[in-house]
Amino acid sequence: MLSNDVMKLIHKFISFLKQILIWCNYMFLLPLSGTPQSLVNSLRNYCNLSLAEKLHKRFPDGEQYIRITSDMRNKIIIVVQSLYPEQDSKLVELYLALEALEGLNLTDVELVIPYMAYSRQDKRFLAGEPMSVKAVYMPLRLFNLRKILALDLHSPKIPEVIGLAIQNILPHTYMVKKVGIEVDFILAPDKGALHRARILAENIGKPFDYLEKYRDRITGEINVSIRELDVKNLRIAIVDDIVSTGGTLAKAAQILYDLGASKVYAVVTHALISEKTIQTLSASGLDMLITTNSILHPEALPKWIQVTDVGELLCSELKSL
Ligand code: R5P
């Protein structure tokens, strides 16, 4: 067994070597079409990465074609692909790119997935259903990926389900600090989000709890029940991974206002929102929705929706790996 000091020295040496590779222009970023341009720009700036060139087109029958046109021999490449929207075509593009890289004699391939589609179906809720996350991501095991980094996986169990090591980055503390809101209490809208609430609460030194949520798996209807919560005159941050219809957040916000909360903020990593979601959240009276640029958003969002750039956060994780 190597002692801690020797391990530390080895880690220092590896990160020193990585720095040299960056300085020698050996690290490249390959952004695929699901990655928002704002995220590509900040990853390049913060990590000082060159851009790998590619050709990406569709054949007349709809099939995709990709060709990496930069010379990638002996280089390290970081592929970044957000899988929304269209989830299916972004997945195919990712797999085509990873297979193309296999033939290019690279030193290393690392993968960043800011938004991982199909991750909510991580178990069989009803008989006859697939574990979608397993079906969709198990093929990643075919590729020689040195690291996979994901932003706020729906469940920390996903790496185990897929059978791959994935570094899961939770951005809520970063988001709260970036936007600069003051909060007194952290709340998870259901038990599954409790780990997010706990980490944010520990990082900013505030109490936390969770609500009980029940979703009817047939109709999709959501019920959120009140547990004993004293939130009178408090500023609450609800933390979650995804907002989609807005049903979960709207119900939670209504309960909290009824209990006398003075402000309710939602700190949610991936906002897969439509016009209808915006209406639902606006009607709930939510003070602010803070989200990230893990996916592309429409340019004109209401002022109460704040999008934080997570390029710096992802980059610091990439450097530390
Ligand atoms: C569910 O377990 C997720 O963490 C989110 O709470 C859910 O996806 C939110 O969906 P919606 O906005 O449709 O209620």
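In every chain, residue numbers begin from 1 and rise along the written sequence. pLDDT decides what is reported in this predicted model: residues at 70 or higher carry local features, side-chain atom pairs at 80 or more are listed and counted, and totals for whole chains, interfaces and linings draw on all residues regardless. As a convention, hydrogens and water are excluded, and side-chain values are obtained from all of the structure's heavy atoms.

Below, the discussion takes up the site of the ligand. Near the ligand you find 15 residues, and of these Asp240, Asp241, Ser244, Thr245 and Thr248 are the closest. Nitrogen and oxygen atoms within 3.5 Å of one another constitute a polar contact, given that in protein one can donate a hydrogen and the other can accept it, and given that sequence-neighbouring residues count only through two side-chain atoms. For the ligand, an oxygen atom lies 2.5 Å from a polar atom in the side chain of Thr248. To measure how exposed things are, a 1.4 Å probe is used in the Shrake-Rupley method; for residues, cover is taken only from the protein chains shown. Expressed as a share of its isolated accessible area of 380 Å², the protein-covered part of the ligand is 90%. For the shell around the ligand, the secondary structure elements donating two or more residues are strand E11 (212-215), strand E13 (235-243) and helix H8 (247-258). Put simply, DSSP H or I for four residues or longer makes a helix, DSSP E for two residues or longer makes a strand, and each gets a number counted from the N terminus. Looking at the shell around the ligand, the element that brings in the most residues is E13, giving four residues. Partitioned by chemical class, the residues of the shell around the ligand number three nonpolar, six polar and six charged. Summary of the distance rule: residues count as near a molecule or strand when at least one heavy atom falls within 4 Å of that molecule or strand. Only Asp, Glu, Lys and Arg are considered charged in this grouping, and only Ala, Val, Leu, Ile, Met, Phe, Trp, Tyr, Cys and Pro are considered nonpolar; every other residue, Gly among them, is considered polar.

Mapped onto the elements of the fold, Ile295 is located in the loop between strand E15 (288-292) and strand E16 (305-308). Whether a residue is buried, partly exposed or exposed follows from its accessible area with a 1.4 Å probe, protein chains only, as a fraction of its type maximum: under 20%, in between, or over 50%, in that order. Take Ile295: its relative accessible area is 2%, and that puts it in the buried class. Between the C-alpha atom of Ile295 and that of Gln254, which follows or precedes it by 41 residues, the distance is 27 Å. The residues touching Ile295, leaving out its near neighbours within four places in the chain, are Pro36, Ser82, Tyr84, Tyr115, Ala271 and Leu272. The criterion used for residue contact is that any of the two residues' heavy atoms lie within 4.5 Å.

The subject of this paragraph is the pairing of strand E5 (residues 76-80). Counted residue by residue, E5 has five buried out of five residues, so it is predominantly covered. Neither face of E5 is exposed, since Ile76, Ile78 and Val80 on one face and Ile77 and Val79 on the opposite face are all buried. One ladder, built from five bridges, connects strand E1 (residues 27-31) with E5; its direction is parallel. Within the sheet, the bridge partner assigned to Pro31 lies in E5 and is Val80. Whether two strands pair comes down to DSSP finding at least two bridges between them. Judged from the five bridges that link them, E5 and strand E6 (residues 108-113) form a sheet pairing that is parallel.

For the rest of this paragraph, the subject is the sheet that holds E1. Reading across from one edge, E2-E1-E5-E6-E7-E8 is the order of the six strands in this open sheet, with parallel pairing throughout. Both outer strands of the open sheet, strand E2 (50-51) and strand E8 (167-169), are each paired with one neighbouring strand and no more. Packing against the sheet, helix H10 (residues 311-320) makes contact with E5, E6, strand E7 (147-151) and E8, and its axis sits at approximately 155 degrees to E7. Axis geometry follows a simple rule: fit a line to the C-alpha atoms, using only the stretch in contact for helices, then measure angles between N-to-C directions, giving values from 0 to 180 degrees.

Here we come to a positive patch on the surface. Residues with no salt bridge and a relative accessible area higher than 30% make up the patches, which join like charges within 9 Å and nonpolar side chains (Val, Leu, Ile, Met, Phe, Trp, Tyr) within 5 Å. Here, a salt bridge means any Lys or Arg side-chain nitrogen found within 4 Å of an Asp or Glu carboxyl oxygen. Residues scored as positive are Lys and Arg, those scored as negative are Asp and Glu, and His as well as the terminal groups of each chain are ignored. One atom stands in for each charge, and that atom is NZ of Lys, CZ of Arg, CG of Asp or CD of Glu. Among the surface-exposed residues, Arg120, Lys123, Lys157, Arg215 and Arg217 lie close enough to one another that they form a single positively charged patch. Mapped onto the elements, Arg120 comes out in the loop between E6 and helix H4 (132-137).

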